[in-house]
Amino acid sequence: MLRFLSIRLWNGLLVMVGVSFISFLLFNYIGDPVNNLLGETATIAQKEALRASLGLDQPLVIRFVRYLWLALHGEFGISYRNLEPVGRLILSRAPATLELSLCAAVLALGIGIPMGVYAGIRRHSWLARIMQVVSLIGISVPSFLTGIILILIFSVELNWLPAFGRGDVVRIGGWTTGLLTVSGWKSLVMPSITLALFQLTLFMRLVRSEMMEVLRTDYIKFARARGIADRSIHFRHALKNTLIPVITVAGLQLGSLIAFSIITETVFQWPGLGLLIIQAITFGDIPVIAAYLILIALLFVIINAIVDLLYFQVDPRVRLA
C-alpha cells in the first residue's frame, strides 16, 4: 500500500512540475507583464525598476524556482484586469464553482448509476428503452443549448427560477455558500442540471453496458445455478464488478465538471472560476490563466490519486499486482 501511494505521489509531482513550467512560460513569455501593469506611457526607468522588483531580470532557472516557491504559497502575481492578488481572486471564486460542481456530481452519480443498473437488468422493458432515448438526447444536445432552453422555460415563461447569478449567499469564515438560502437553492437548480446532464447520461450508458456484460459472465451463471437470489446477484456481485471501470471514468468526468464548467457559468453568469477564466482570456490576464492551469492540473492529480486508491480497495487484482 505504501509503495503504491509513493509511486502515485511521485507521478503526480512530476505532472505538477511539468504543468508549472508550462504555466511559468505562459506567465513570462506571453505578453509583457511590465507593460500590462504600467501601460505604454511609462518611462524606461519606471519599466526597468518594476522589472527588477518583479525579478524579471534574473536568469530563467532562478525565476522558475522562485515561481514554484511562490506558487506553493498560493502567490501567482497580480491580476492585470482586477489589480488584486490572483490567489485571493481565485479563492473568492472557488466556492461558487465547487458548490455547483458538487451538486452536479451528486445529480450525475445519484441518478445516472441507478438508471444504468435498471436499464442493464431490465433492458427489454419500455422504461429502459425510454431511458436509452433520453440518454441519446442528453449526450447529443450541447450544454449551452440545454441552459438556454431551461432559462426560456423556467425563467422567461414560468418565472419560477432566476435566469442568472448565484442568489443570496452566506459567509462562513472565508467560505461563501448559497445552500443556506432559498434564493441560493433556486439559482443552483438550472446550472446544476445543465452541468450534470451530459455526465448523467454518460454514467447511465456506461453502467448499463457494463452491467449487461457482467451479467453474461460465467460466475453470474454459476451463482444463478446455485439458487442465489437475483437481488443478491445484481447488487452484491454484478454491481461491484460493474463499478470497477466506472470509477475511472467517473473520476475523470467529475474533474471535468470543475475544469469545463466554463460554458455553464457563462450562460448563467455564475460567479465562479469558469466565468473568471473566460474574462481573463478575453482581457489577456495571463497571471489568472497561469494560476487556473496549475489549479486544474492539481485537481486532476488529486482525483486520479483518489481513483487509484478506490481501485486498490475495490479490485483485488490491483492489490495482488
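I will try to describe carefully the structure that is included in this document. (Residues numbered from 1 in each chain as written. Predicted model: local features only at pLDDT ≥ 70, side-chain atom pairs only at ≥ 80, totals over all residues. Heavy atoms only, no water.)

## Re the nonpolar core
Here is step 1 of the chain: One finds Phe76 and Ile296 to be the most contacted residues of the largest nonpolar core, which totals 33 residues.
Here is step 2 of the chain: Elements supplying a minimum of two residues to this core: α1 (2-29), α4 (60-72), α5 (86-121), α10 (230-259), α12 (273-283) and α13 (286-314).
Here is step 3 of the chain: For this core, the leading source of residues is α13, giving 13 residues.
Here is step 4 of the chain: Residues Ala105, Ala108, Met131 and Leu195 belong to the second largest nonpolar core, which totals 19 residues. (Core = buried A, V, L, I, M, F, W, Y, C linked by side-chain atoms within 4.5 Å. Buried < 20%, exposed > 50% of the residue type's maximum accessible area, 1.4 Å probe, protein only. Helix = DSSP H or I, 4+ residues; strand = E, 2+ residues; numbered from the N terminus.)

## Some remarks on the packing of aromatic side chains
Here is step 1 of the chain: Evaluation of the coordinates by the stated rule reveals one aromatic pair.
Here is step 2 of the chain: Measuring from ring centre to ring centre gives 6.1 Å for Phe154 and Trp160, while their planes differ by 40°; the resulting arrangement is tilted.
Here is step 3 of the chain: A relative accessible area of 26% places Phe154 in the partly exposed class. (Phe/Tyr/Trp six-rings, centres within 6.5 Å; stacked < 30°, edge-to-face > 60°.)

## Focus: the packing of α5 against α12
Here is step 1 of the chain: For the pair α5 and α12, the least separation of the axes is 8 Å and the interaxial angle reads 135°. Put simply, α5 runs oblique to α12. Taking contact as the criterion, the partners of Leu89, Ile90, Arg93, Ala94 and Thr97 in α5 are, on α12, Leu273, Gly274, Leu275, Leu276 and Gln279.
Here is step 2 of the chain: Taken together, the residues of the contact of α5 with α12 sort by class into six nonpolar, three polar and one charged. (Axes fitted to C-alpha atoms, helices over the stretch in contact; angles between N-to-C directions. Parallel < 35°, antiparallel > 145°, perpendicular 65-115°, else oblique. Contact = heavy atoms within 4.5 Å. Nonpolar A, V, L, I, M, F, W, Y, C, P; charged D, E, K, R; others polar.)

## Let's talk about the environment of Phe203
Here is step 1 of the chain: As for its position among the elements, Phe203 is in helix α8 (residues 182-215).
Here is step 2 of the chain: Given the relative accessible area of 0%, Phe203 is considered buried.
Here is step 3 of the chain: Between the alpha carbons of Phe203 and Gln253 there is a distance of 9.4 Å; along the sequence they are 50 residues apart.
Here is step 4 of the chain: For Phe203, the residues in contact, after removing those within four places along its chain, are Ala108, Leu109, Gly112, Val249, Ala250 and Gln253.

## Structural notes on the packing of α5 against α10
Here is step 1 of the chain: α10 packs onto α5 with a crossing angle of 150° between their chain directions and a minimal axis gap of 11 Å. The pairing of α5 with α10 is recorded here as roughly antiparallel in orientation. Judged by the sense of rotation from one axis to the other, the crossing of α5 with α10 is right-handed. Residue-level contacts link Thr97, Leu98, Ser101, Ala104, Ala105, Leu109, Val117 and Ile121 of α5 to His234, Phe235, Leu239, Ala250, Leu254, Leu257 and Ile258 of α10.
Here is step 2 of the chain: Along the lines of polarity and charge, the residues of the contact of α5 with α10 split into 12 nonpolar, three polar and no charged. (Left-handed = near helix turned anticlockwise from the far one by under 90°.)

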